[in-house]
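Understanding the architecture of this molecule
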Amino acid sequence: VLDERSAQSVSVYNAGAQHSSIFHIVVDLKPGQDPAKAEAVIARELDKIRKQPVTDAELARVLIGTESSFIWGLEDLMGRVEQLQSFNHYTGDPGYAQTYLQRLRALTPAKVQATAAQILGAHRAEIITRPAPGTSAGGPAGKPAPAPAAAPKAATKG
Amino acid sequence: MSTAMHKPHRNSLLALSHVGLALLFTACKPANTQAPLTTEPPPPTDTVAAAPVSWPDEPFRAQAPAARPIAELKLPSVETFKLANGLEVYLVQQNKLPTVTMAFDFDFGGISDPKDKVGLHAICMDLLDEGTQKYDTAAFEEKQADHAVNVSASAGGESSSIRVNALTTQLAPALDLMAEMMLTPGMRQADLDRIKERRKASLLQAKASPGPIAGRCDRCAHLGRGATRTAASRPTRASTR
């Protein structure tokens, strides 16, 4: 959608939690763009990552970026304190850093693909937010923006 | 000292990388060490009783820990030396983390702008880190992302700086990118036009903000009335070169 210039921004992230993490794909469309088309692009990319592994170069970029963010995050005292407690809370070992880095470096495209196939299934919640009618981005008052081709799906567990 | 920041990525390759990143976090999530939750629904009740509060009773919690003496402030030592090429180096070493920050400072800035080209140095430095002759803006960002390094250039009032942030393992490619940026900058017209438009928009916003208004008055008092004028539209590709 960025290539097709239909979106203002795209972000993908996993809000990790102990019992119920949430995997987010967020697309901010430009005014007048069809959400159904963006949905089709997202479905295509998800299908791709489920069926074929990411390249070694893609994985290497993400791994070094993750490791770099982790290490720079330890630079100030508060960052170190937060990280110690985070590891202590989730693993019971405040000194988990080396294990974390080892797990990180051991990731392979096949593991990423297997995880995608496991969690990025058909069951999901789709939340579509539109500008209110009458706002500059929402069209004339009383005329809501056109409905997307695909109705929002109810939240289901994946 | 600041961490690397990346501009918005624009292609599907990076979008795919983002998918991979998020998956990465999921795949790396440590195993749940607690007992699995029961799937049986709780028995129906009319009211939900508050769970009894159980305070930890370990002996060390009986009293608040006493504050220790304030740690002695140990300022790092600064080593100075010159390289064979004449570059003067100020080196501060802290080896707790495998990171490196390098700043190359130059003795020019806004104060060096020609009178009829206010803003020239700032725009020039902005343009410098937009890419190289080999890599356009997006490709240059991707090359930095490949190594999780940040190479940037900026101009201040009286000095300008080129900065490099990298893990020690990635310092060599970071320096290669910096050298390429300095020796063969892209200096593309499209990038210059975008920077000028962005700067014009920023100036318009600043005209309505108290802080920047005060800053302009301050510069007026110190540097003269001409210091408040801008010529963001005047620098050309040739003058920035």
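Up top is the structure these notes are about.
1. Examining the packing of helix α3 (residues 137–147) of chain B against helix α4 (residues 171–183) of chain B
All names here are of chain B. Here α3 crosses α4 at 160 degrees, and the two axes come no closer than 10 Å. In terms of axis orientation, α3 runs roughly antiparallel to α4. Pair α3 / α4 crosses with left-handed handedness. For the pair α3 and α4, contact is made by Phe-140, Lys-143, Gln-144 and His-147 and by Pro-173, Leu-177 and Met-181, respectively. Its residues assigned to classes, the contact of α3 with α4 shows 4 nonpolar, 2 polar and 1 charged.

2. A few points about the pairing of strand β1 (residues 7–15) of chain A
Residues and elements named next belong to chain A. Sheet analysis places β1 next to strand β2 (residues 22–29), joined by 8 bridges and oriented antiparallel. When the bridges of β2 are listed, Ala-7 appears paired with Leu-29. Hairpin connection, β1 to β2: the antiparallel pair is bridged by 6 residues.

3. Let's talk about the nonpolar core
Buried together is how nonpolar side chains tend to be arranged in soluble globular proteins. Counting 23 residues, the largest nonpolar core has Phe-70, Tyr-100 and Leu-120 of chain A as its most contacted members. Secondary structure elements with two or more residues in this core: α1 (35–51), α2 (56–72), α4 (97–105) and α5 (109–119) of chain A. Tallying contributions element by element places α2 of chain A first for this core, with 6 residues. By size, the runner-up hydrophobic cluster in this structure holds 21 residues, among which are Phe-140, Val-149, Val-151 and Ala-153 of chain B.

4. Focus on the sheet that holds strand β5 (residues 160–167) of chain B
Where strands meet in a sheet, backbone hydrogen bonds hold them as pairs that are either parallel or antiparallel. Residue and element names in this part refer to chain B. The strand order β3-β5-β4 describes an open sheet built from 3 strands, whose pairing is antiparallel. What marks the edges here is a single partner per strand, and that holds for β3 (99–106) and β4 (150–155). On average, adjacent strands in this sheet sit at an angle of 15 degrees to one another, irrespective of strand direction. With 6 bridges connecting them, β4 and β5 associate as antiparallel partners. Across the sheet, Ala-153 pairs through a bridge with Ile-162, a residue of β5. The strands that helix α2 (residues 120–128) touches are β4 and β5; relative to β4, the one it contacts most, it runs at about 170 degrees.

5. A look at the packing of aromatic side chains
Residue and element names in this part refer to chain A. Using the criterion set out here, one finds 5 aromatic pairs over all chains in the structure. The interplanar angle of 50 degrees and the centroid separation of 5.0 Å between the aromatic rings of Phe-70 and Tyr-100 together place this pair among those described as tilted. With a gap of 30 residues between them, Phe-70 in helix α2 and Tyr-100 in helix α4 connect regions that are remote in the sequence. Each member of the pair, Phe-70 together with Tyr-100, is buried. Seen in terms of ring centroids, Phe-87 and Tyr-96 are 5.3 Å apart; in terms of plane orientation they differ by 55 degrees. Their pairing is tilted. The pair Phe-87 / Tyr-96 is uniform in exposure class, with both members buried. An aromatic cluster is built from Phe-70, Phe-87, Tyr-96 and Tyr-100, whose rings are joined through pairwise contacts.

6. Some words on the packing of α1 of chain A against α5 of chain A
Residue and element names in this part refer to chain A. Interaxial distance between α1 and α5 falls to 7 Å at its minimum, and their mutual angle equals 125 degrees. With respect to α5, the element α1 is oriented oblique. From α1, Ile-49, Arg-50 and Lys-51 reach across to α5, where they touch Gln-113, Ala-116 and Ala-117. Considered class by class, the residues forming the contact of α1 with α5 number 3 nonpolar, 1 polar and 2 charged.

7. Thoughts on α2 of chain A
Relative to the 24 Å expected for 17 residues at 1.5 Å per residue, α2 of chain A spans 24 Å between its end C-alpha atoms, a close match to the ideal helical length. With 12 of its 17 residues buried, α2 of chain A lies for the most part within the structure.

What counts, and where the lines are drawn
- Residues numbered from 1 in each chain as written.
- Chains lettered and ligands numbered in written order.
- Predicted model: local features only at pLDDT ≥ 70, side-chain atom pairs only at ≥ 80, totals over all residues.
- Heavy atoms only, no water.
- Axes fitted to C-alpha atoms, helices over the stretch in contact; angles between N-to-C directions.
- Helix = DSSP H or I, 4+ residues; strand = E, 2+ residues; numbered from the N terminus.
- Parallel < 35°, antiparallel > 145°, perpendicular 65-115°, else oblique.
- Left-handed = near helix turned anticlockwise from the far one by under 90°.
- Contact = heavy atoms within 4.5 Å.
- Nonpolar A, V, L, I, M, F, W, Y, C, P; charged D, E, K, R; others polar.
- Pairing = 2+ DSSP bridges.
- Core = buried A, V, L, I, M, F, W, Y, C linked by side-chain atoms within 4.5 Å.
- Buried < 20%, exposed > 50% of the residue type's maximum accessible area, 1.4 Å probe, protein only.
- Phe/Tyr/Trp six-rings, centres within 6.5 Å; stacked < 30°, edge-to-face > 60°.
- Expected span 1.5 Å × (residues − 1).

Any functional reading would require information beyond the geometric quantities listed.
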